[in-house]
Amino acid sequence: KIDPQHNLDAVEPKLFGIGSESYVAGSLEFYLAYALSRKLLLTLDAGHYHPTETIADKISSLLLYLDQILLHVSRGVRWDSDHVVTFSDDLQAIAQEIVRHDALQRVHIGLDYFDASINRLAAWVIGARSTLKALLLALLEPLEMLKQYEAEGDYTSRLALLEELKSMPHSAVWDYYCQQRGVPVGMDFMGLIKEYERSELSKR
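Residues numbered from 1 in each chain as written. Predicted model: local features only at pLDDT ≥ 70, side-chain atom pairs only at ≥ 80, totals over all residues. Heavy atoms only, no water.

A. Seen up close, the overall build of the chain. What the chain contains, in helices and strands, is 8 helices and 6 strands. Ordered by position from N to C terminus, the α and β elements of the chain give β-α-β-α-β-β-β-α-β-α-α-α-α-α. In terms of its C-alpha atoms, the chain occupies a principal-axis envelope of roughly 50 × 50 × 35 Å. When each of the 204 residues of the chain is scored for burial, the buried share is 33%. (Helix = DSSP H or I, 4+ residues; strand = E, 2+ residues; numbered from the N terminus. Buried < 20%, exposed > 50% of the residue type's maximum accessible area, 1.4 Å probe, protein only.)

B. Layout of the pattern of salt bridges. Summed over the entire model, instances satisfying the criterion amount to 6 salt bridges. Its salt-bridge partner being Arg100, residue Glu141 comes within 2.7 Å of it at the nearest N-O pair. In this pair, Glu141 is assigned in the loop between helix H4 (120-139) and helix H5 (143-152) and Arg100 in helix H3 (residues 89-100), connecting sequence segments 41 residues apart. Its relative accessible area of 11% is what places Glu141 among the buried residues. Notably, a salt bridge pairs Glu150 with Arg158, separated by 2.3 Å at the nearest N-O pair. Glu150 gets classed as partly exposed once you look at its relative accessible area, which sits at 38%. Given a relative accessible area of 26%, Arg158 falls into the partly exposed group. (Salt bridge = Lys/Arg side-chain N within 4 Å of Asp/Glu carboxyl O.)

C. Quick peek at the sheet that holds strand E2 (residues 41-45). One open sheet accounts for 4 strands, arranged E1-E2-E3-E6; its pairing is parallel. What marks the edges here is a single partner per strand, and that holds for strand E1 (10-11) and strand E6 (107-111). Two strands pair when backbone bridges link them, and E2 and strand E3 (residues 69-73) are joined in this way by 4 bridges, in the parallel orientation. By the bridge assignment, Thr43 is partnered in E3 with Leu70. Across the sheet, helix H1 (residues 28-38) is in contact with E1 and E2; its angle to E2 comes to roughly 150°. (Pairing = 2+ DSSP bridges. Contact = heavy atoms within 4.5 Å. Axes fitted to C-alpha atoms, helices over the stretch in contact; angles between N-to-C directions.)

By themselves, these figures tell us nothing about what the structure is for.
As structure tokens, then:
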């Protein structure tokens, strides 16, 4: 056992396994029960489920029973994961589930950047920025208003507001945030990456 202040143990289930279709020891059912019984974190890997399945749907259910969970956010491609995280509908849904359930302190977010066809540093930066953008977008939602419509059974207004949110200028807030944090705005980060590629990576 290691002090949880320094290390949190987690188990990671898989819907599939290399060379096996009928049996996987680390199935969701097995590891969910194991995590609950041992008070461990359960890891949800975005690329470990059916291509039409999203881990966002599982977050709120798991948080009813587990104190914390770990996410391995990647961009699943068919039956594999570990591709550069992009600002996709899936990523936005994951961020919305976390923020709407006030679970930012209970959900640990790990990212993956495997893609040998592009610059590794760019993969890291693009994935991190995409994830932060998704969280910012979720934090900008007028949550109390959405909850009020839900409680009142006014699903028409709830849907109308959710649709309006899609075209609100969250990118302006993102640019201002970057400016305030002293990091490149927009595509400016690519200039730094290309310069590093010329000065350092090309020598390796």
